[in-house]
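A structural walkthrough
Single-letter residue listing:
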Amino acid sequence: MDLYVRYVPGALSDPDAVFGFLRTLEWDEGMRARQTASFGTPYDYSGRHHDPRPMPPELAAVAGTASVHAGHGFDNCLANRYETGANTMGFHRDSYAGPAPGSAVAIVSLGATRTLVFRGLDRQRRVEMPLAHGSLLLMTEETQRHWSHAVPRADGVGLRFSLTFRLSAS
Ligand SMILES: O=C(O)CCC(=O)C(=O)O
Ligand SMILES: [Fe+2]
């Protein structure tokens, strides 16, 4: 299957404010590769359990923007903090055990541009997508079935956050 994702540059009206807000958050340092924080309906990720925590208004507003593009709401936000280009995310496919069938996963990027690499499960194809400050990327369930994605190491790159939004099935 061809890669079908939708990239919306400049999706956020005030990305600098969201970036500033994210800098004030407390981050979970339990993962070596990067730091995380979870809001809304918990979504178990990399075998880590998150307790339910309400989405702060700053993130609920971003979820609202993502909803307009996705055509459905989002009730979970998993935030990732990549302090430097040495912080990474390995190849994986997002699980649909929790999310509603047919719903999209949205990635909102703040701060330094990092490249999201898609790799076909046949390992024959590779597509690189640089994700800019204030951008939104939508991925479908179908995408997850045929492609994995990763945020590889990048030299000389500063702080970057990603917000991944999901809609839970129940
Ligand atoms: O940080 C990113 O852009 C990727 C995030 C991601 O793939 C995830 O949280 O599942
Ligand atoms: Fe992912």
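Under an unreviewed UniProt entry, the name given to the protein chain is Alkylated DNA repair dioxygenase AlkB, and the source organism is Catenuloplanes niger.

So, on to the site of ligand 1. Around ligand 1, a shell composed of Leu78, Asn80, Met89, Asp94, Ile107, Leu116, Leu131, His149, Val151, Ser162 and Thr164 is seen. Taken together, the elements giving at least two residues each to the shell around ligand 1 come down to β3 (76-82), β9 (147-151) and β10 (160-166).

Right, let's get into the pairing of strand β8 (residues 136-139). Because side chains alternate across β8, one face comprises the buried residues Leu136 and Leu138, and the other comprises Leu137 and Met139, equally buried. Here strand β1 (residues 5-8) pairs with β8 via four bridges, running antiparallel. Pairing of valine 8 across the sheet is with leucine 136, part of β8.

On to the confidence of the model for the protein chain. Chain-level pLDDT for the protein chain is 92 on average; 95% of the residues reach the 70-or-more range. Quick note on the complex model: pTM equals 0.94, ipTM equals 0.99.

A few words on the sheet that holds strand β6 (residues 114-120). One open sheet holds the four strands; their spatial order is β4-β9-β6-β7, and the pairing between them is antiparallel. If you trace the sheet from one side to the other, it starts and ends with β4 (89-92) and β7 (126-131), each paired once. Across the sheet, the axes of successive neighbouring strands diverge by a mean angle of 15°, strand direction being ignored. Across two bridges, β4 lies against β9 in antiparallel orientation. Counterpart to histidine 92 in the pairing with β9 is histidine 149.

The rules behind these values
Residues numbered from 1 in each chain as written. Chains lettered and ligands numbered in written order. Predicted model: local features only at pLDDT ≥ 70, side-chain atom pairs only at ≥ 80, totals over all residues. Near = placed C-beta within 6 Å. Helix = DSSP H or I, 4+ residues; strand = E, 2+ residues; numbered from the N terminus. Buried ≥ 20, exposed ≤ 12 C-beta atoms within 10 Å, placed from the backbone. Pairing = 2+ DSSP bridges. pLDDT = per-residue confidence, 0-100. Axes fitted to C-alpha atoms, helices over the stretch in contact; angles between N-to-C directions.

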